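Reading the structure
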Amino acid sequence: MNNQVFINKAFDEAFKSYLANKDLNEKVEFNKFIVVVIRLLVLIYGEEIITYYNNKDENSFNVLMLKYGYPLEEYSKFVNNFNKCHNFSLKQEAKAIRKKNKYFNLVQKSLIDMLILKNQKEPVNNEVKNSFYELLFTANTKDFYRKSIALVEAYNPYEIDDYFKKQNLI
């Protein structure tokens, strides 16, 4: 088996955890932030991204991420922010008092921006929009786990909810 890291450490670990837990929807591991990033990407781009991961086809994955007009520079920022977010979270895990993660909301904003661009090119149905919204980590979510994580990680746990609603996606 090839031990190559796919895109970066965050993406690689997120895909591995996604695949290991995808049949266990209620499990905490399937609802961790890094896995939810993959779940949101699947909502935007489809299961094709999983095939690219399984085939370790970074080029096709990168091309797909730009499919709806997401700027290359913004995609690069997203990839870097996701990795920084994950690394920061790993460093904070053992600490009794955790610091806020400045990359947490940046990653979610990028995902919302990707959904907006897709919606402009190929209108997204309300079921997908609602599923996407419910996966976001905000203080306004109905999911206790996501709400808790948002309160711990985000400088402003309401920011993502406000940002999503301002885009007229729901």
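Going by the structure above, here's the rest.
Summarised in this report is the structure supplied together with it. Every value quoted in this text rests on a predicted model; they were computed, and no experiment measured them.

**Some remarks on the environment of Ser148**
The topology assignment puts Ser148 in helix α8 (residues 144-153). Since its relative accessible area comes to 24%, Ser148 is described here as partly exposed. A sequence separation of 11 residues divides Ser148 from Phe137, and the C-alpha atoms of the two residues are 8.5 Å apart.

**As for unusual backbone geometry**
Phi is positive for Lys56, which is not a glycine, with a value near 55°. With relative accessibility at 18%, the residue Lys56 sits in the buried group. The backbone of Asn168 shows a phi angle near 55°, a positive value even though the residue is not glycine. Judged by its relative accessible area of 64%, Asn168 is exposed.

**Thoughts on the packing of aromatic side chains**
Throughout the structure, instances matching the rule amount to 17 aromatic pairs. With 5.8 Å between their ring centres and 80° between their planes, Phe104 and Phe137 make a pair best called edge-to-face. Here Phe104 is found in helix α6 (residues 104-121), whereas its partner Phe137 is found in the loop between α7 (126-135) and α8, with 33 residues between them in sequence. Here Phe104 and Phe137 have matching classes, each one buried. Counting every residue linked through ring pairs, the aromatic cluster contains Phe6, Phe11, Phe15, Tyr53, Phe61, Phe78 and Phe82. Here the basic side chain of Lys109 rests over the ring of Tyr163, its NZ or CZ set 5.1 Å away from the ring centre. Residue placement shows Arg146 over the ring face of Phe137; its charged tip is 5.7 Å from the ring centre.

**Considering the nonpolar core**
Counting 52 residues, the largest nonpolar core has Ile38, Leu41, Ile49 and Phe78 as the members making the most contacts within it. Among the secondary structure elements, those contributing two or more residues to this core are α1 (9-21), α2 (33-45), α3 (48-54), α4 (58-65), α5 (72-92), α6, α7 and α9 (159-166). Here this core takes 11 residues from α2, the largest share from any one element. In contact with Ile49, other than residues within four places in its own chain, are Phe15, Ile38, Leu41, Val42, Phe61, Leu64 and Met65.

Analysis parameters
Residues numbered from 1 in each chain as written. Predicted model: local features only at pLDDT ≥ 70, side-chain atom pairs only at ≥ 80, totals over all residues. Heavy atoms only, no water. Helix = DSSP H or I, 4+ residues; strand = E, 2+ residues; numbered from the N terminus. Buried < 20%, exposed > 50% of the residue type's maximum accessible area, 1.4 Å probe, protein only. Phe/Tyr/Trp six-rings, centres within 6.5 Å; stacked < 30°, edge-to-face > 60°. Lys NZ or Arg CZ within 6 Å of the ring centre and 35° of its normal. Core = buried A, V, L, I, M, F, W, Y, C linked by side-chain atoms within 4.5 Å. Contact = heavy atoms within 4.5 Å.

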